[in-house]
Amino acid sequence: MTVCKVVQLGEKITSLKIREGRNEMDQRGLPGLCTIHPAFTGEVFKRRVKEKEGSCVVKNISCPTPIIAYNKNMGGVDLSNQLLQYYSTHHKTACWYCTLLLHLVDIASTNAYILHYILLASQTKPMSHKDFQTELVTKLCGVDSTCMPSNRSTNHIPVAIARVTDPSLKATQGPRICQRCHRVDKKRYLTPWKCQSCDVALCLVLDRNYFAEWHR
């Protein structure tokens, strides 16, 4: 059973609420707003309806214009919803507006990938969805593909992390995880050295001197 409630809100906004289910217990509401189509423009469909006496008759049932447009283009909507689930930024949060913001970010990035795919499909091979998301994140964060900062200055000097003078406290308060080992090699090596300019802990030993590589 499908029940559709359509309300015209002004001249340019149409409110829809669709319920689908076998009975009142398993009906699931599908709300929506449309700013393109009016509520009704006179479209009707013929459907077989069962009367109380048990006989079936054919009746003309009016259909809201937004529903017709949705059914006509629902393939694109389903594709967009499918792509949204692959690399979503959504996570649990107590703030409802954070959930809304993250969903809008997902929609914007997904629409950008769809436009990228459409515009480059006839010219060259488009990037995959994963590569596109990676490129988008690296450009927004200002890093390269290995998560290393892309805008690096030349004034990078290794300095000790620990600010204490007591030798017994240097082992516990000084070392931090080397960011190059953590991001590239996926290992947790502790180092007492950091970059004075960017405040990034990096290994500075004979076999793991990553200062030059990080700031290259």
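Quick caveat, the model's predicted, so the values are computed rather than measured.

## Things to note about the overall build of the protein
Line of reasoning, step 1. Along the protein, the regular secondary structure elements total 6 helices and 9 strands.
Line of reasoning, step 2. A buried classification covers 22% of the 216 residues belonging to the protein.
Line of reasoning, step 3. Restricting to contacts in the protein with at least 6 residues of sequence separation, those with at least 24 account for 36%.
Line of reasoning, step 4. Accessible area of the protein: about 16100 Å², with a carbon and sulfur share of 58%.

## What to know about helix α3 (residues 129–141)
Line of reasoning, step 1. For α3, spanning 13 residues, the distance from its first C-alpha to its last is 18 Å, which sits close to the expected 18 Å at 1.5 Å a residue.
Line of reasoning, step 2. Where α3 is concerned, the buried positions are H129, F132, Q133 and T138.
Line of reasoning, step 3. Just downstream of α3 lies G142, where phi reads positive at about 70 degrees.

## Regarding a nonpolar patch on the surface
Line of reasoning, step 1. A cluster of nonpolar residues, W96, Y97, L100 and L104, forms a patch on the protein surface that exposes about 500 Å² of accessible area.
Line of reasoning, step 2. Relative to the assigned elements, L100 resides in helix α2 (residues 96–121).

## What to know about empty space enclosed by the protein
Line of reasoning, step 1. Applying the stated criterion across every chain, the model contains 1 cavity of 30 Å³ or more.
Line of reasoning, step 2. Approximately 40 Å³ is the volume attributed to the largest cavity.
Line of reasoning, step 3. Lining the largest cavity, in full, are L83, L84, Y87, D106, S109, T110, H129 and Q133.
Line of reasoning, step 4. Looking at the lining of the largest cavity, the elements that each hand over two or more residues are α1 (65–86), α2 and α3.
Line of reasoning, step 5. The greatest single-element share of the lining of the largest cavity, amounting to 3 residues, is contributed by α2.
Line of reasoning, step 6. Partitioning the lining of the largest cavity into residue classes produces 3 nonpolar, 4 polar and 1 charged.

## Considering the pairing of strand β5 (residues 56–62)
Line of reasoning, step 1. Note that strand β4 (residues 44–50) and β5 share 7 bridges and pair antiparallel. Bridge pairing in β5 links F45 to I61.
Line of reasoning, step 2. The antiparallel pairing of β4 with β5 creates a hairpin that spans 5 residues between the two strands, and G54 there sits at a positive phi of about 105 degrees.

## Examining the packing of aromatic side chains
Line of reasoning, step 1. Applying the stated criterion across every chain yields a total of 3 aromatic pairs.
Line of reasoning, step 2. Consider the rings of W96 and Y97, whose centres lie 5.9 Å apart with planes at 80 degrees: the pair is edge-to-face.
Line of reasoning, step 3. Taking the relative accessible area as the measure of exposure, Y97 reaches 49% and is therefore partly exposed.
Line of reasoning, step 4. Three or more aromatic residues joined by ring pairs make a cluster, and in this case those are Y113, Y117 and F132.
Line of reasoning, step 5. Taking NZ or CZ as reference, R180 lies 4.2 Å from the ring centre of Y210, over its face.

## A short note on the nonpolar core
Line of reasoning, step 1. Formed by C178, C181, C195, V200, L202, C203, Y210, F211 and W214, the largest nonpolar core amounts to 9 residues.
Line of reasoning, step 2. Not counting residues within four places of it along the chain, the set of residues in contact with C203 comprises C178, C181, Y189, T191, R208, N209, Y210 and F211.

## What about the confidence of the model for the protein?
Line of reasoning, step 1. Summary statistics for the protein give a mean pLDDT of 75 and a share of 75% for residues scoring 70 or more.
Line of reasoning, step 2. For the protein, the element scoring lowest by mean pLDDT is strand β1 (residues 2–9), at 52; strand β8 (residues 190–191) scores highest, at 88.
Line of reasoning, step 3. Scored below 50 in pLDDT, residues 20–27 shows 11 contacts in the model against residues more than four places distant or in partner chains.

## Here's the deal with the packing of α2 against α3
Line of reasoning, step 1. Axis separation between α2 and α3 bottoms out at 11 Å; the angle between their running directions is 120 degrees. Taken together, the axes of α2 and α3 lie oblique to each other. Judged by the twist between their axes, the crossing of α2 over α3 is right-handed. Of the residues in α3, those touching α2 at S109, A112, Y113 and H116 are H129, F132, Q133 and L136.
Line of reasoning, step 2. In terms of residue class, the contact of α2 with α3 is built from 4 nonpolar, 4 polar and no charged.

Definitions and limits used
Residues numbered from 1 in each chain as written. Predicted model: local features only at pLDDT ≥ 70, side-chain atom pairs only at ≥ 80, totals over all residues. Heavy atoms only, no water. Helix = DSSP H or I, 4+ residues; strand = E, 2+ residues; numbered from the N terminus. Buried < 20%, exposed > 50% of the residue type's maximum accessible area, 1.4 Å probe, protein only. Contact = heavy atoms within 4.5 Å. Areas by Shrake-Rupley, 256 points an atom, 1.4 Å probe, with all protein chains shown as cover. Expected span 1.5 Å × (residues − 1). Patch = residues over 30% accessible without salt bridge, like charges linked within 9 Å, V, L, I, M, F, W, Y side chains within 5 Å. Salt bridge = Lys/Arg side-chain N within 4 Å of Asp/Glu carboxyl O. 1 Å grid on protein atoms, 1.4 Å probe; cavity = no way out; pocket = protein on both sides within 12 Å on 5 of 7 lines; lining within 4 Å. Points joined across faces, edges and corners; volume = space filled by probe spheres on them. Nonpolar A, V, L, I, M, F, W, Y, C, P; charged D, E, K, R; others polar. Pairing = 2+ DSSP bridges. Phe/Tyr/Trp six-rings, centres within 6.5 Å; stacked < 30°, edge-to-face > 60°. Lys NZ or Arg CZ within 6 Å of the ring centre and 35° of its normal. Core = buried A, V, L, I, M, F, W, Y, C linked by side-chain atoms within 4.5 Å. pLDDT = per-residue confidence, 0-100. Axes fitted to C-alpha atoms, helices over the stretch in contact; angles between N-to-C directions. Parallel < 35°, antiparallel > 145°, perpendicular 65-115°, else oblique. Left-handed = near helix turned anticlockwise from the far one by under 90°.

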